[in-house]
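# Structural overview
So the chains spell out like this:
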Amino acid sequence: RAAEEAEPVQRIAHTQLLQGGLISLDDTVTPTKDAKAPKGVKRGRLWLYLGDVDRVAYCAYSEDWKGKHPRAVLEGFQGTVQNDGYAGIDGLFTGPDPPNRAGCNDHCRRKFVVPLELGDKRAEPIIHLYQRLYDVERTAKLNGSNAEERLIVRQEKSAVLWAELGGAIDALRGSVGKKEPLGKAITYWDRQQKALSAFLSNGHLPISNVHVEQIIRVVALLRKAMLFVGSPKAGLRFATLMTLAANCLLCGANPEEYFAFLFDALATGWPAKRKDELMPQAWVKAQKPDAVLAA
């Protein structure tokens, strides 16, 4: 009942998500009790969407991994969508005036880490070049660069490294079988190269989707503790509460204090025209500094 009362706030998060220029997404398995499923449990999914890296979060639950679910969430969005190459959202990028697509270089890099860990030293130069690309990003972040400054640095330094990376991968083609781990990594690179390189021409874009992965790990840890959600409908309620919890994490809101405020406000008839003020980000702004968790 508490989660159902909070659904209007979740819808506000979705509205705010679509108002930005970048949406990054990822998902994680959410085991769901279902009497009709084998062994009584199905593989539901919890989807996490972040707007403009850390401005707003939105979570959604689905009973399966079909692309229709994220496509419905992202319908009408015309900015840039960043993910790990999940083919289920390919339909978003067709037709008139589709959104742009950005890839996850962490995901691509991990594809090359697999053969290296299996002893294939041919992947080593690829990992080394990726490390240098991340060094550029790390330095820019430490220097407090804004998007315009970051773009200049990427064009001056990262573009050269990217060309070297592409050349190093091309040099391997004739000696690598497609079914080898290294061959599979090269295939991923080939399919995703345009999306993976998007960060080179837009200083607002992260080089990878790691900012989503870091938050969704919290969901994965919670999953280990709770084992499953009680039903598909419970999955929807779970997504509502996780939307609010994820926004607490983004803005530094004390979650215990925020949820106490939220449910008190909902129980006492908070005005509908002021529903935006129930978002954790708005609540934090209205509180004293001690309402914000220490970093």
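Along each chain, residues carry numbers from 1 onward, in the same order as the chain's sequence is written. Local features in this predicted model are restricted to residues whose pLDDT is 70 or higher, and side-chain atom pairs enter the listing and the counts only when it is 80 or higher, whereas totals over whole chains, interfaces and linings include all residues. Calculated side-chain values reflect all of the structure's heavy atoms, with hydrogen atoms and water omitted.

## Section: the overall build of the chain
Scanning the chain from N- to C-terminus turns up 11 helices and five strands. Taken over C-alpha atoms, the radius of gyration comes to 21 Å for the chain, in line with the 19 Å a tight globule of 295 residues would show. Along the longest, intermediate and shortest principal axes, the C-alpha atoms of the chain span 70 × 50 × 40 Å. The buried label goes to any residue with under 20% of its type's maximum accessible area, the exposed label to any with over 50%, and the partly exposed label to all in between, with areas taken from a 1.4 Å probe on protein chains only. Classification of the 295 residues of the chain by burial places 47% in the buried group. Contacts are assigned to residue pairs that have any heavy atoms within 4.5 Å of one another. Here the contacts in the chain between residues at least 6 apart in sequence split such that 63% fall between residues at least 24 apart. Total accessible area on the chain is roughly 15400 Å²; 55% of this is exposed by carbon and sulfur atoms. In this tally, Asp and Glu contribute negative charge and Lys and Arg positive charge; neither His nor the terminal groups of the chain are included. A charged residue contributes its charge at one atom only: NZ of Lys, CZ of Arg, CG of Asp or CD of Glu. The distance from the centre of the 40 positive side-chain charges to the centre of the 34 negative ones in the chain is 6 Å. Helix numbering and strand numbering both begin at the N terminus, where a helix is a DSSP run of H or I of at least 4 residues and a strand a DSSP run of E of at least 2. Both definitions apply: the radius of gyration is a C-alpha atom measure, and the globule rule equals 2.2 Å times residues to the power 0.38. The accessible surface values rely on the Shrake-Rupley method and a 1.4 Å probe; as for residues, cover is taken only from the protein chains in view.

## A look at the sheet that holds strand E3 (residues 56-62)
When DSSP finds two or more bridges between two strands, those strands count as paired. Spatial ordering of the open sheet is given by E3-E2-E1-E4-E5, a layout of five strands whose pairing is mixed. Edge positions in the sheet fall to E3 and strand E5 (100-102), since each has one partner strand and no second. Along the sheet, successive strands turn relative to each other by an average axial angle of 30°, direction set aside. Bridge count between strand E4 (residues 80-82) and E5: three bridges; the pairing is parallel. Bridging from a neighbouring strand, Gln 82 pairs with Ala 102 of E5. Every axis in this analysis is a line fitted to C-alpha atoms, fitted for helices over the stretch in contact. Angles between the N-to-C directions lie between 0 and 180 degrees.

## Some details on the layout of surface pockets
Each cavity reported here is a set of points on a 1 Å grid over the protein atoms alone in which a 1.4 Å probe fits but cannot get out, each pocket an open set with protein on both sides within 12 Å along at least five of seven lines, and each lining residue one with an atom within 4 Å of a point. Grid points are joined across faces, edges and corners, and a volume is the space filled by probe spheres set on the points. Its boundaries defined by the atoms lining it, the largest pocket holds a volume of some 840 Å³. Forming the boundary of the largest pocket are 23 residues, of which Val 53, Lys 141, Pro 206, Val 210 and His 211 lie nearest the centre. Those elements giving two or more residues to the lining of the largest pocket turn out to be helix H4 (105-117), helix H5 (124-142), helix H6 (147-170) and helix H8 (210-226). The element that contributes the greatest number of residues to the lining of the largest pocket is H5, accounting for five residues. Put simply, the second largest pocket is a space of about 540 Å³. Lining the second largest pocket are 26 residues, and of these Asp 84, Gly 85, His 107, Lys 111 and Tyr 188 lie nearest its centre. For the lining of the second largest pocket, the secondary-structure elements that each account for two or more residues are strand E1 (22-33), H4 and helix H7 (181-196). If one sorts the elements of the lining of the second largest pocket by residue count, H7 sits on top with 10 residues. Under the scheme applied here, ten amino acids are nonpolar (Ala, Val, Leu, Ile, Met, Phe, Trp, Tyr, Cys and Pro), four are charged (Asp, Glu, Lys and Arg), and all others, including Gly, are polar. Considering only residue class, the lining of the second largest pocket consists of eight nonpolar, six polar and 12 charged.

## Some remarks on the side chain of Glu 213
Topologically, Glu 213 is positioned in helix H8. Judged by relative accessible area, Glu 213 falls into the buried class, the value being 10%. Here a polar contact is recorded for every N or O atom pair within 3.5 Å, except that within protein the pair must consist of a potential hydrogen donor and a potential acceptor, and residues adjacent in sequence are included only if both atoms are side-chain atoms. Here Arg 110 takes part through its side chain, which lies 2.8 Å from a polar atom of the side chain of Glu 213. Those residues within four positions of Glu 213 in sequence are excluded, and the remaining contacts are Asp 26, Cys 104 and Arg 110.

## Quick look at the environment of Lys 194
Inspection of the secondary structure puts Lys 194 in helix H7. A residue is classified by how much of its surface remains accessible, and Lys 194, at 75% relative accessible area, is exposed. C-alpha separation for the pair Lys 194 and Phe 261, spaced 67 residues apart in sequence, amounts to 45 Å.

## With respect to the pairing of E1
Most of E1 sits inside the fold, with 11 of its 12 residues counted as buried. Bridge count between E1 and E4: three bridges; the pairing is parallel. When the bridges of E4 are listed, Leu 22 appears paired with Thr 80. As paired elements, E1 and strand E2 (residues 41-51) share 11 bridges and run antiparallel to each other. Counterpart to Thr 32 in the pairing with E2 is Lys 42.

## Some thoughts on helix H9 (residues 232-251)
Helix length check: H9 (20 residues) gives 29 Å between terminal C-alpha atoms against 28 Å at 1.5 Å per residue, within 8%. Buried within H9 are the following residues: Ala 234, Gly 235, Phe 238, Ala 239, Thr 240, Met 242, Thr 243, Leu 244, Ala 246, Asn 247 and Cys 248. Positive backbone phi, at 80°, marks Gly 252, one or two positions downstream of H9. The span you would expect from a helix comes to 1.5 Å times its residue count less one.

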